[in-house]
Structures are given as C-alpha cells and as structure tokens.
Amino acid sequence: MIADSMIIKVILSIAGIMIVFTINALFATWLERKVAGHIQLRLGPMEVGFHGILQGAADGLKLIAKEIITPKGVDKKLFTLAPYLAFFPTLLMFVVIPFSDKLQVRDLNIGLLYFFSISCIATLGIFMAGWASNNKYSLMGAVRSIAQSIAYEIPIILSILSVVIITQSLKLSEIVNYQSKYWLVLVQPIAFVIYVISAIAELNRTPFDIPEAESELVAGFHTEYSGMRFAVFFMAEYTNIFLVSAMATTLFLGGWRGPILPPIVWFFIKTYALVFFIIWVRWAFPRLRPDQLMSFCWKFLTPLALLNLLITTFFMKLF
Amino acid sequence: MNASYFSKVNIGIKTVIKGLTLSISYFFKKPVTLQYPHQKKTIADRYKGSIRLKTNEEGALKCIACGSCEKICPAGAIKIVSFTPEGSKKKQLSEFYVDLGLCIYCGLCVDSCPVDAIEHSKVYEVAERKKDGLILRLDKLGEKNV
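Conventions we followed
- Residues numbered from 1 in each chain as written.
- Chains lettered and ligands numbered in written order.
- Predicted model: local features only at pLDDT ≥ 70, side-chain atom pairs only at ≥ 80, totals over all residues.
- Helix = DSSP H or I, 4+ residues; strand = E, 2+ residues; numbered from the N terminus.
- Rg over C-alpha atoms; globule rule 2.2 N^0.38 Å.
- Buried ≥ 20, exposed ≤ 12 C-beta atoms within 10 Å, placed from the backbone.
- Contact = placed C-beta atoms within 7 Å.
- Nonpolar A, V, L, I, M, F, W, Y, C, P; charged D, E, K, R; others polar.
- Pairing = 2+ DSSP bridges.
- Axes fitted to C-alpha atoms, helices over the stretch in contact; angles between N-to-C directions.
- Core = buried A, V, L, I, M, F, W, Y, C linked by C-beta atoms within 7 Å.
- Domains from an automatic or database assignment.
- Expected span 1.5 Å × (residues − 1).
- Bend = angle between axes of the 7 residues up to and from the residue.
- Parallel < 35°, antiparallel > 145°, perpendicular 65-115°, else oblique.
- Left-handed = near helix turned anticlockwise from the far one by under 90°.

(A) Highlighting the overall build of chain B. Helix and strand counts for chain B come out as three helices and five strands. Across chain B, helices and strands are ordered from the amino to the carboxyl terminus as α-β-α-β-β-α-β-β. A globule of 146 residues ought to have a C-alpha radius of gyration of about 15 Å, yet chain B, at 28 Å, is considerably larger. On the principal axes, the C-alpha backbone points of chain B span a range of 105 × 30 × 30 Å. Out of the 146 residues in chain B, the part that is buried amounts to 14%. Counted over contacts in chain B with a minimum sequence separation of 6, partners at least 24 positions apart contribute 69%.

(B) Region of the structure containing the overall build of chain A. Helix and strand content of chain A: 12 helices and zero strands. Helices and strands appear in chain A in the N-to-C order α-α-α-α-α-α-α-α-α-α-α-α. In terms of C-alpha radius of gyration, chain A reaches 20 Å, essentially the compact-globule figure of 20 Å for 319 residues. Here chain A, with 319 residues, has 44% of them falling under the buried criterion. Contacts spanning at least 24 positions in sequence make up 77% of the contacts within chain A whose residues lie at least 6 apart.

(C) Geometry of the interface of chain B and chain A. Each side of the interface is counted separately: chain B has 12 residues, and chain A has 12 residues. Here the side of chain B that touches chain A is built from residues that sort into seven nonpolar, four polar and one charged.

(D) A look at the sheet that holds strand S3 (residues 92–99) of chain B. Residue and element names in this part refer to chain B. As summarised here, the arrangement of the three strands in space is S2-S3-S5, forming an open sheet in which the pairing is antiparallel. Strand pairing shows two members of the sheet lacking a second neighbour, strand S2 (78–83) and strand S5 (135–137), which therefore form its edges. Geometrically, the sheet is characterised by an average inter-axis angle of 20° between neighbouring strands, direction not taken into account. As defined by bridge partners, S3 adjoins S5 across three bridges and the pair is classed as antiparallel.

(E) Main features of the nonpolar core. If you look at the biggest cluster of nonpolar residues, it comprises 82 residues, and the most contacted ones within it are Tyr195, Ile200 and Ala248 of chain A. Looking at which element gives the most residues to this core, the answer is helix H10 (residues 227–252) of chain A, with 15 residues. In this view, tyrosine 195 of chain A contacts Ile156, Ser159, Ile160, Ala248 and Phe252 of chain A; residues no more than four positions away in its chain are not counted. In this structure, Ile51, Cys109, Cys113 and Leu136 of chain B belong to the second largest nonpolar core, which totals 18 residues.

(F) Quick look at the domain arrangement of chain B. Partitioning chain B into structural domains gives domain 1 (1–32) and domain 2 (51–137). For domain 1 of chain B and domain 2 of chain B, the distance between their C-alpha centres works out to 60 Å.

(G) A look at helix H3 (residues 76–93) of chain A. Residue and element names in this part refer to chain A. For H3, spanning 18 residues, the distance from its first C-alpha to its last is 27 Å, which sits close to the expected 26 Å at 1.5 Å a residue. Maximal helix bending in H3 amounts to about 30°, located at alanine 82; proline proline 83 follows within four positions. What H3 keeps buried is the set Phe79, Ala82, Pro83, Ala86, Phe87, Pro89, Thr90 and Met93. In the core, the buried residues of H3 are packed alongside helix H4 (111–132) and H10.

(H) Summary view of the packing of helix H8 (residues 189–202) of chain A against H10 of chain A. All names here are of chain A. Running from N to C, H8 and H10 cross one another at 165°; their axes reach a closest spacing of 11 Å. One element, H8, and the other, H10, form an angle in the roughly antiparallel class. Here H8 and H10 pass one another in a crossing that is right-handed. Together, Phe192, Tyr195, Val196, Ala199 and Glu202 of H8 and Val244, Ala248 and Phe252 of H10 make up the contact between the two elements. The class makeup of the residues in the contact of H8 with H10 is seven nonpolar, no polar and one charged.

Listed below in structure tokens is the structure:
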C-alpha cells in the first residue's frame, strides 16, 4: 500500500514537472521574442494565435517534423547522447524547487547543494556536444563554456553561502520559512546582485554568451545540431533560465510567500519577473570579450563575494 | 588595487544602469514597424509603380497604337499589336503587353506618349510564381493592373 502511493506520487511528480517544463519552454521563448521585439521598436511574433502566443508550438512542431541529420565525421555515440545529457539535469533540478508550501517533489536536507551540483552536469553535455561535433566552432564554444562555467561557479556558490550562513540550512523549505518576516534580498543585496550576474553567465546568455557568440562561432557548441536535437538544447536553455530564476526567488525573494494571492501564483510572478529581467539584460548590452569576462569574474565578482561572505560571517558571530 | 580599478567599477555600474534604462524606455515606446500584409504604407503621389493604360470619359482606351512607347523603351519591355480596320487610315490597338520582368520603371514610355495614354500606377506587389505571370496584357482592363 505504501509502495503504491509512492509510485503514484512519483508518476504525478514527473507529470507535473513535464507540464511546468513544457509550458515554460513555450512561454519563455514567446516572452523572449516579444521583449526583444518591443525593445527594438518592433512587435515580435504576431501571426500564430493571439499576439503570437502559439508561435513556440508552431516552431516546435516544425523542428519535430525535420529530418535528424548526423554529419559525417562526428563521434556518433557522444553526438547523440550530448543533447540529452544537457537536458535531463534540468528536469532533475525541478525536484527540489518549492513551488508552494505543499508543492515540492522532494524536500531534501541538502536541496541547495543538490540543485547546484546537478546543474554542473549540463556543462558536461555541452562539452560532449562540442567535442563530438568534430568542428572547430563547436569545440571553441565548448572550451569557452567550460572555462566560463568553472569561473562563475565560484561567485555563485559564495553568494548563496552567505544565505546559508544566515538561514543555517541547506533545506529550501527552511530557507523560505526563514523569510516569513523579511526577504533575504534586503539583508543580502550584494549577494543577490552577484547571484543574478553569475547566473546569467552560467546560462551562457548575452552579455556573457561567448560560448555561442553568433558573429564569431556560428552557434558555438550546437553548430552541427539540427531538428529535434537542436530543440532539446534550446529547451534546456530556456528551462535553465526558469530554474535559476526560481532558485533566486526561493533564496532571496521570499519564495512562494506573498499576501492575498495563492502561494503558487506568487512564486510564478516573482520567477517570471526575474526571467523578464534576464531577457531584458540580453537586449541591453553587447557581448564581452573572453578576457574581459574572465577578469570581471576573478578580479571583481569573486573578491566582492568573498568580502560579502566575510562581513556576513562577522555579523552572524556578533549578533 | 589602484585608483583606476575603482573608477573602472564606477564606470561599469553607471553604464549598466544607463543601458538598462535606455532599453526599457524603448520597450514602452510605440513600435515603428508595420505588420505588412495587414497594414500597408501610404504610397507617395509620384510613386512610379507598374504602368497602366488610361481611359477617356467614355471608358475607352486613349491609346492610338502609335508605338512610340515600344520604340523608346530601353529594356524592350513593351510589345504592341495593332491593326488597321478596312476603310480607315487610323491604326487600332488590339494587344498591349508589358513584361514587368524586363521593365526598369524609368517612365520614358509615360513621357513619350503623344496622347497621354500611359501612366504609372501605385501597384508595387508584382511578385509572381511563374515568369510568364510577369507579362501583363494592359488593354484588357480590370484584374491586376488597375
């Protein structure tokens, strides 16, 4: 009987994650194109559905219908496996996200650690794609992606470490409960800023998009991918945007807490506000050079994060 | 760690704020583009579109089939077929073709016409699926070239 209810719970969780994942992939791509359009004084997609809301579905259908091409000279096993290795961690990362007080697949004791360690696996998928493609652009993109991920992992971890020191927990539900009186962004504004900047860098998005810099690397690691395999990379990218925003909401913006509206609505409002911000940043700034990117991380973000951590620790000891 | 490091950080923060405010101000501005098939730009009065034949008050073509437009056309896009009815000295137009694939929209035919029978229309959507579709017969009024 207990086993049965466990199985049902697992199936329901997978179904729920897939629903959130699909709707987000469609909505986030639509939002990106709309925001991009309006910032450039255009309207963006307008033809499919109301104000182009179904454009993502139409594009997805087109990509599914396309032939899957495996170019000559690629490492077939790795080439086929890579998109899925970049994609499945994003589904696993959903497990610890607290959508509301009751809606969370697993409330792990080390939820925060789990989230950030799983997110590292996706980088391996990107590197596999770049290596297996047997193409200089893909390989350059993958190498840059690895360098960037390693560099920006440090400020991101240091910034969430100050949250952990304040809340004394790695459990996400406890971190949200700690914020019942005030949001942690009020106590840790610097950590929040560092987290958002590093998260944009981790997502390989403009202004930190050197791994897929269109003007120099064609499309970076997914140059050789087309059809559904490309779509998988694409969806993983947009799911990652949602996930880092959801994590920022949980850690700094009080999670699902908020007046009047139900918790889950508050969660999605806060998350999509951050998604909007990340998209907005993309259309506001030009791309950084690789050396600027590295010096920004090592000479500015990391010392600042360390300093912030030091001050946080000092005050925690004091009071 | 010298003074230029902090001044660089200062400039960085300022430019980040500037970039964000500028792009969001554009976000709330009215789009400048037109949704083309649904909205169309108003065409200027003197726009030189594809040519068409004029008619007089009774609705008959003004063209006297003199052939000066055919002669002056630098691209050889116009072809006129005419006939002379029995008991008359005047030629009459039977077919007037213009090949839009050859036409360079120079307007010399309009200028050269002695009876002011040709004019530029405001038609600019002249794309066709087949090359033959670009050859228009202008003496048959109606349909596309009005």
